[in-house]
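Chain by chain, the residues:
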Amino acid sequence: MIQVAINGYGTIGKRVADAVRQQPDMEVLGVAKTRPNFEAETAIDKGFPLYAAIEERADQFAEADLEIAGPVEDLIDAADIVVDATPSGIGAENKELYEEYDTPALYQGGEDADLVDTSFNARSNFEDAVDADHVRVVSCNTTGLSRVIAPLREAYGVEKVRATLVRRGGDPGQTNRGPINDILPNPVTIPSHHGPDVETIFDDLDIDTLGMKVPATLMHMHSLNVTLEEEVDAADVRELFADESRLFLIPERMDIDGSGKLKEYAMDAGRPRGDIWENCIWEESISTVGSDLYLFQGIHQESDVVPENVDAIRAVLGEADAEESIATTNESIGIGL
Ligand code: NAD
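What you see is a predicted model; the values in this text were computed from it and never measured. (Residues numbered from 1 in each chain as written. Predicted model: local features only at pLDDT ≥ 70, side-chain atom pairs only at ≥ 80, totals over all residues. Heavy atoms only, no water.)

### What to know about the site of the ligand
Rule in force here: The cutoff for a nearby residue is simple: one of its non-hydrogen atoms must lie within 4 Å of the molecule or strand. Any pair of N or O atoms that falls within 3.5 Å is considered a polar contact. Within protein, one atom must be able to donate a hydrogen and the other to accept it, and sequence-neighbouring residues count only if both atoms are side-chain atoms. Per-residue accessibility takes into account occlusion by the displayed protein chains alone, with areas from the Shrake-Rupley method and a 1.4 Å probe. In this classification, Asp, Glu, Lys and Arg are treated as charged, Ala, Val, Leu, Ile, Met, Phe, Trp, Tyr, Cys and Pro as nonpolar, and every other residue, Gly included, as polar. Just so you know, the domain bounds were taken from an automatic or database domain assignment.
Lining the immediate environment of the ligand, one finds 21 residues, of which Thr11, Ile12, Lys33, Arg168 and Asp171 sit closest. In this structure, a nitrogen atom belonging to the ligand sits 2.6 Å away from a side-chain N or O atom of Asp171. Computed on the free molecule, the ligand has an accessible area of 820 Å², of which 83% lies beneath the protein chains in the complex. Each residue belonging to the shell around the ligand can be placed in one class, and the counts come to 7 nonpolar, 10 polar and 4 charged. Taken domain by domain, the makeup of the shell around the ligand includes at least three residues from each of domain 1 (2-138 + 305-333) and domain 2 (140-299).

### Topic: the nonpolar core
Condition: Joining through side-chain atoms within 4.5 Å is the link that ties buried Ala, Val, Leu, Ile, Met, Phe, Trp, Tyr and Cys residues into a set, and such a set is a nonpolar core. Whether a residue is buried, partly exposed or exposed follows from its accessible area with a 1.4 Å probe, protein chains only, as a fraction of its type maximum: under 20%, in between, or over 50%, in that order. Segments assigned H or I by DSSP are reported as helices when at least four residues long, segments assigned E as strands when at least two residues long, and all are numbered from the N terminus. In what follows, a contact means two residues having at least one pair of non-hydrogen atoms within 4.5 Å.
Within the largest apolar cluster, 43 residues are counted, with the highest numbers of intra-cluster contacts made by Val4, Ile6, Val20, Val31, Leu106, Phe120 and Ile313. At the level of secondary structure, the elements contributing two or more residues to this core comprise strand 1 (2-7), helix 1 (11-21), strand 2 (26-33), helix 2 (38-45), strand 5 (81-84), strand 8 (134-137), helix 11 (306-317) and helix 12 (322-333). Per-element accounting of this core gives the leading share, 6 residues, to helix 11. Counting only domains with at least three residues in this core, you end up with domain 1 (2-138 + 305-333) and domain 2 (140-299). In contact with Ile313, not counting residues within four places along its chain, are Ile2, Val4, Val20, Met26, Ile81, Val83 and Leu106. In this structure, Val158, Ala163, Ile207 and Leu240 belong to the second largest nonpolar core, which totals 29 residues.

### What to know about the sheet that holds strand 3 (residues 50-52)
In sheet architecture, strand pairing relies on hydrogen bonds along the backbone and comes in two forms, parallel and antiparallel. Condition: DSSP-based pairing: two strands are paired if at least 2 bridges between them are found.
The strand order across the open sheet built from 8 strands is 4-3-2-1-5-6-8-7, with neighbouring strands paired in parallel fashion. In this open sheet, the two strands that pair with only one neighbour each are strand 4 (70-71) and strand 7 (118-120). In this sheet, strand 4 lies alongside strand 3 in parallel orientation, the contact comprising 2 bridges. Residue pairing for strand 4: Ala52 is matched across the bridge by Pro71.

### Comments concerning the packing of helix 1 against helix 11
Put simply, the test is: Orientation is described by lines fitted to C-alpha atoms, with helices fitted over the stretch in contact, and by angles between N-to-C directions that extend from 0 to 180 degrees. Any angle between 65 and 115 degrees counts as roughly perpendicular, while under 35 counts as roughly parallel, over 145 as roughly antiparallel, and the rest as oblique. We call a crossing left-handed when the near helix sits turned anticlockwise from the far one by less than a right angle, and right-handed when that turn is clockwise.
Helix 11 packs onto helix 1 with a crossing angle of 55° between their chain directions and a minimal axis gap of 9 Å. If you check the angle between helix 1 and helix 11, you find them oblique. With respect to the hand of their crossing, helix 1 and helix 11 are arranged in right-handed fashion. Contact with helix 1, carried on its side by Arg15, Val16, Ala19 and Val20, involves Val306, Asn309, Val310 and Ile313 of helix 11 and no other residues of that element. In terms of residue class, the contact of helix 1 with helix 11 is made up of 6 nonpolar, 1 polar and 1 charged.

### Re helix 11
Selection rule: Each residue after the first adds 1.5 Å to the expected span of a helix.
Taking 1.5 Å per residue, 12 residues should reach 16 Å; helix 11 reaches 17 Å between its end C-alpha atoms and fits that length. Burial analysis of helix 11 places 11 of its 12 residues in the buried class, which makes it a mostly covered element. Among all positions of helix 11, only Val306, Pro307, Glu308, Asn309, Val310, Asp311, Ala312, Ile313, Arg314, Ala315 and Val316 are buried. The positive-phi residue at the C-terminal boundary of helix 11 is Gly318, with phi of around 65°.

### Side note on the UniProt feature "domain: Glyceraldehyde 3-phosphate dehydrogenase NAD(P) binding" (unreviewed entry) in the chain
For clarity, the cut-off: UniProt positions are given in the numbering used here, feature names are shortened, and annotations may be inferred rather than shown by experiment.
The positions that UniProt labels "domain: Glyceraldehyde 3-phosphate dehydrogenase NAD(P) binding" (unreviewed entry) are, in the present scheme, residues 2-140. Between the C-alpha atoms that bound residues 2-140 the distance is 25 Å, and the span itself is 35% helix and 24% strand.

### Description of the UniProt feature "active site" (unreviewed entry) in the chain
The positions that UniProt labels "active site" (unreviewed entry) are, in the present scheme, Cys140. Mapped onto the secondary structure, Cys140 falls in helix 7 (residues 140-155). On the basis of relative accessible area, Cys140 is assigned to the buried category, the value being 14%. Not counting residues up to four positions away in its chain, the partners in contact with Cys140 are His220, Ile299, Gln301, Asp304 and Val305.

### What about the side chain of Lys263?
Under the convention used in this document: Counting rule applied: Lys, Arg positive; Asp, Glu negative; His and chain ends not counted. Salt bridge, as applied in this entry: a Lys or Arg side-chain nitrogen positioned within 4 Å of an Asp or Glu carboxyl oxygen.
Within the fold, Lys263 resides in helix 10 (residues 259-268). With no salt bridge to any partner, buried Lys263 finds its closest opposite charge in Glu302, at an N-O distance of 4.9 Å. What Lys263 contacts, discounting residues up to four positions off in sequence, is Leu218, Met219, Arg273, Gly274, Asp275, Ile276 and His300.

### Quick notes on the side chain of Arg314
Mapped onto the secondary structure, Arg314 falls in helix 11. Leave out the neighbours within four places in its chain, and Arg314 touches Gln23, Asp25, Met26, Phe126, Glu319, Ala320, Ser325, Thr328 and Thr329.

### Comments concerning the pattern of salt bridges
Counted according to the given criterion, the structure contains 19 salt bridges. Measuring nitrogen to oxygen at the nearest pair gives 2.9 Å for the salt bridge that ties Arg15 to Asp275. Of this pair, Arg15 sits in helix 1 while Asp275 sits in the loop between helix 10 and strand 14 (279-282), and the two are 260 residues apart along the sequence. By relative accessible area, Asp275 is classed as buried at 2%. Between Lys160 and Asp206 there is a salt bridge, and its shortest N-O distance comes to 3.1 Å. Of the two residues, Lys160 sits in strand 9 (residues 158-168) while Asp206 sits in the loop between helix 8 (194-199) and strand 11 (207-214), which places them 46 residues apart along the sequence. Look at Asp206 and you get partly exposed, because its relative accessible area is 36%. Connected via shared salt-bridge partners are Asp25, Arg147, Arg246, Glu308, Asp311 and Arg314.

Have a look at this one:
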């Protein structure tokens, strides 16, 4: 059994912990937290050994009657791999700790690409992470774009990608984010940083991205234009995507007109936390004009990177190839709407 440590038990970390626990070949050795907040409470309730990420704050857990298994160093030392899911920039500060204990580490999309040996998306470049020590699972948006670009490149060749990312202002729990009543070009400079991030996954990809932020918390929305190297029928692209396990094609009959109904569907389907691990592509939006492909897709920012973290664990430890790992992850967490 692969012993997995999770350092940073917030939006991403708690979801990765649950997904790891569902894998037949992995165990959560423990999770590390800085504060005895509500997430610390649920970690204990779920039976995850809780470690103090910052030693000086360990007393706060005792005062809150939350039992601590030890300092984060003990957890990192004993683990086969650590998933760092701390806020942007903290992962970089933690790298030294992981190196000290010779524990391979996964970082999240908020860290810089040059912190690691490789950036990672299971569908696109699984092999690059095999035996690497430091791997970055790319952001929610980059994950969503990579999952679409990889099959298109293989099937038709991609000349150019242009994407406009309509980004949620904050996650539902991020009460300090916004805008509340505005539409921001964000970042206002063009192209946005998202395109170069996707280029960390693919060699020789030509991609320009633009970003906006809107007063929404549920999901991001991508408006995508891909110029392919040949003329393609929209029906063929639909078929290509239908074979991709992490792309959900929303059928017209479902009457899902936006993120609200998508989240409602996920909750009705009994998804934990209403999570949607798949890209949600409106089937009717898949259109072609000559060699230009267009589509709209919804990306659930809090959860699409979760299966990617699970696959990155197997890649780094050389425990499975891409196909095998993706199939195991999909089956154990229930991917496929
Ligand atoms: P979060 O704030 O929800 O969770 C981070 C957790 O780490 C919190 O529980 C915090 O208390 C804890 N923490 C802070 N400092 C720590 C330390 N020194 N040691 C251990 N734990 C510490 O953040 P998040 O949204 O889960 O984001 C984590 C990473 O994932 C970031 O790199 C982010 O860019 C990336 N990411 C976030 C999303 C998203 O939509 N939330 C999507 C994809 C990727």
